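# Working through the structure, step by step
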Amino acid sequence: MKRKLIPYLLLPLLLNISICVPESGANMSDDEMARVLGGFRALNSSRTSAAPVRGSFAEAWEQANNREPSLINLNSHNGRETIRRFFQENLGAARLETKSLLYFFGGPDVIYPPLLFPNLERIVLVGREPPGRLLDPNALLSNNTLGARIAEIGRAFRDVLRESYFITDNMSRELKDFGTTTMIAVGLLASGARIDSVQAVSIDSAGNLNLGNNGRIKGSQVIYTKPNGSVAEVIYFQKDLANSYLQSEPEFLVYMNRQNFDTAYFKAASHLPHNRNLFSGMTAFVLSKVRFLVQADNGIPFQDLRTQAADWKLRLFGLYSPPSRGFYEGVRQNELSAAYSSKFCGRREARLEQVWRTVWGAPCQSYSNNF
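To start, this report covers the structure provided alongside it.

Relative to the assigned elements, Ala232 resides in strand 7 (residues 231-238). For Ala232, a relative accessible area of 4% corresponds to the buried category. C-alpha separation for the pair Ala232 and Ile195, spaced 37 residues apart in sequence, amounts to 9.9 Å. Once residues within four sequence positions are removed from consideration, Ala232 is found in contact with Leu120, Glu121, Val222, Ile223, Tyr224 and Lys226.

Its place among the elements puts Leu101 in strand 2 (residues 100-104). Leave out the neighbours within four places in its chain, and Leu101 touches Pro113, Phe117, Leu120, Arg122, Ile123, Val124, Phe261, Thr263, Ala264 and Tyr265.

Attention now moves to the pattern of salt bridges. Inspection of the entire model under this criterion finds twelve salt bridges. Here Asp196 and Arg194 are joined by a salt bridge, their closest N and O atoms 3.4 Å apart. A residue is classified by how much of its surface remains accessible, and Arg194, at 41% relative accessible area, is partly exposed. Salt-bridge contacts for Glu349 lead to Arg347; the nearest nitrogen and oxygen are separated by 3.3 Å.

Now for helix 13 (residues 276-289). In this model helix 13 runs 19 Å from its N-terminal to its C-terminal C-alpha over 14 residues, within 8% of the 20 Å that 1.5 Å per residue would give. By the largest-angle criterion, Met282 marks the main kink of helix 13, which is about 25 degrees. Regarding helix 13, the residues found buried are Phe279, Met282, Thr283, Phe285, Val286, Leu287 and Lys289.

This part covers the packing of helix 15 (residues 334-345) against helix 16 (residues 350-360). In contact at an axis separation of 9 Å, helix 15 and helix 16 are set at 150 degrees when each is read in the N-to-C sense. For the element pair helix 15 / helix 16, the angle class is roughly antiparallel. In this structure, helix 15 contributes Ser337, Tyr340, Ser341, Phe344 and Cys345 to the contact, and helix 16 contributes Leu352, Glu353, Val355, Trp356 and Trp360. Classifying every residue of the contact of helix 15 with helix 16 gives seven nonpolar, two polar and one charged.

Right, let's talk about the sheet that holds strand 7 for a bit. Read from one edge to the other, the open sheet built from eight strands follows the order 5-4-6-7-3-2-8-9, with strand pairing classed as mixed. The open sheet terminates on both sides in strands that have one partner only, identified here as strand 5 (209-211) and strand 9 (292-295). The sheet shows a mean angle of 25 degrees between the axes of neighbouring strands, taken without regard to direction. As defined by bridge partners, strand 4 (residues 194-203) adjoins strand 6 (residues 217-225) across nine bridges and the pair is classed as antiparallel. Paired with Gln199 across the bridge in strand 6 is Gln221. Against the sheet, helix 10 (residues 179-189) makes contact with strand 3 (122-127), strand 4, strand 6 and strand 7, and its axis sits at roughly 150 degrees relative to strand 4, the strand it touches most.

Our focus in this paragraph is unusual backbone geometry. Phi at Phe105 is positive, roughly 60 degrees, even though this residue is not glycine. As for its placement among the helices and strands, Phe105 is situated in the loop between strand 2 and helix 5 (113-116). The backbone of Arg348 shows a phi angle near 55 degrees, a positive value even though the residue is not glycine. Along the polypeptide, Arg348 turns up in the loop between helix 15 and helix 16. We classify Arg348 as exposed; its relative accessible area is 69%.

In a disulfide, the sulfur atoms of two cysteines are covalently bonded to one another. Scanning all chains against the criterion turns up one disulfide. Disulfide pairing is shown between Cys345 and Cys364; the S-S distance is 1.8 Å. Judged by the sign of its S-S torsion, about -95 degrees, the bond between Cys345 and Cys364 is left-handed. Residue Cys345 is located in helix 15, and its partner Cys364 is located in the segment after helix 16; the two are separated by 19 residues in the primary sequence. With relative accessibility at 3%, the residue Cys345 sits in the buried group.

With that settled, consider the packing of aromatic side chains. Overall, the coordinates contain 16 aromatic pairs when judged by the stated rule. Aromatic side chains Phe86 and Phe317 sit 5.6 Å apart centroid to centroid with 75 degrees between the ring planes, which places their arrangement in the edge-to-face category. Here the residue Phe86 occupies a position in helix 3 (residues 77-90), and Phe317 occupies one in strand 10 (residues 313-317), the gap between them amounting to 231 residues. Residue classification places Phe317 among the buried positions, given a relative accessible area of 6%. Between Phe237 and Tyr255, the ring centres sit 5.6 Å apart and the planes meet at 75 degrees, which makes this aromatic pair edge-to-face.

About the thresholds
Residues numbered from 1 in each chain as written. Predicted model: local features only at pLDDT ≥ 70, side-chain atom pairs only at ≥ 80, totals over all residues. Heavy atoms only, no water. Helix = DSSP H or I, 4+ residues; strand = E, 2+ residues; numbered from the N terminus. Buried < 20%, exposed > 50% of the residue type's maximum accessible area, 1.4 Å probe, protein only. Contact = heavy atoms within 4.5 Å. Salt bridge = Lys/Arg side-chain N within 4 Å of Asp/Glu carboxyl O. Expected span 1.5 Å × (residues − 1). Bend = angle between axes of the 7 residues up to and from the residue. Axes fitted to C-alpha atoms, helices over the stretch in contact; angles between N-to-C directions. Parallel < 35°, antiparallel > 145°, perpendicular 65-115°, else oblique. Nonpolar A, V, L, I, M, F, W, Y, C, P; charged D, E, K, R; others polar. Pairing = 2+ DSSP bridges. Disulfide = S-S within 2.5 Å. Phe/Tyr/Trp six-rings, centres within 6.5 Å; stacked < 30°, edge-to-face > 60°.

This is the structure:
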């Protein structure tokens, strides 16, 4: 039987960083370049510093790591242990058996997947942001822009460290010059990875993945070594997933249908799958390709899962709350609210009923539906 896991409480992991200082002159490996750009210590540097480069991703990572844990961000040692235990205890087979992950609307987010799925060998990320390339610190140093670029990369990570997700509008502004490739390479360092290679890739008209950017569907591939010594890869594609773009660029689905994915993951999909007129093709593809689906409520609507994946096992975690302001009323899921109300109110515990009243501004109701 297929299983569907839906955790609605998603919390970030932050790891300790290395000390960093930029270095000029010698040719650098992709790993060394990523460490300089992220504000971590370059591997071939003989100089050391007592702190990460100011304004860098490494500095922001360290500050978040030392922050007191909260309901939104558990960015402390105790917080990391809490989230590890939560997913270890609740995700079960999906956590351990996921080696290939499909992450639509993920942008350059490589912060969360290693936390949730420790045995990952491949992540396929899809977003609308341009892939760009891994920047060369020596070239940046030669025109006196290295410091500014390091700070820009640090700012580009600020949303995911503060809110646990990237904000599309901010990403569009911040990545217009250097793209997602640099972000992915730098972000992987936070999980203790070593970058082995970074290269441009694209999908040709026959649905084949090739090196270079000659195909219409452009992207990048980052191969890295995990802390346990195993080798994994991230492939990022710049692609609009709306129905019309899937039809006008069919080579994307030709390629994707040839791939094997264990799990699909939605964390910050901005409720886009709720627009069935635009994203029904994407939803159908996902449900046909994976064994597990891990998502927040802004992923595939609960009602669609009940109808299109009726044979799946559904598990709910946390508490469903009203959608954030700025999203249209149609994304509020009454059926999902009823499912959570059954979970909370059916237990008839005063503490849980008060939580429900605080979140929804209404009395707790118990539904007879069997969710």
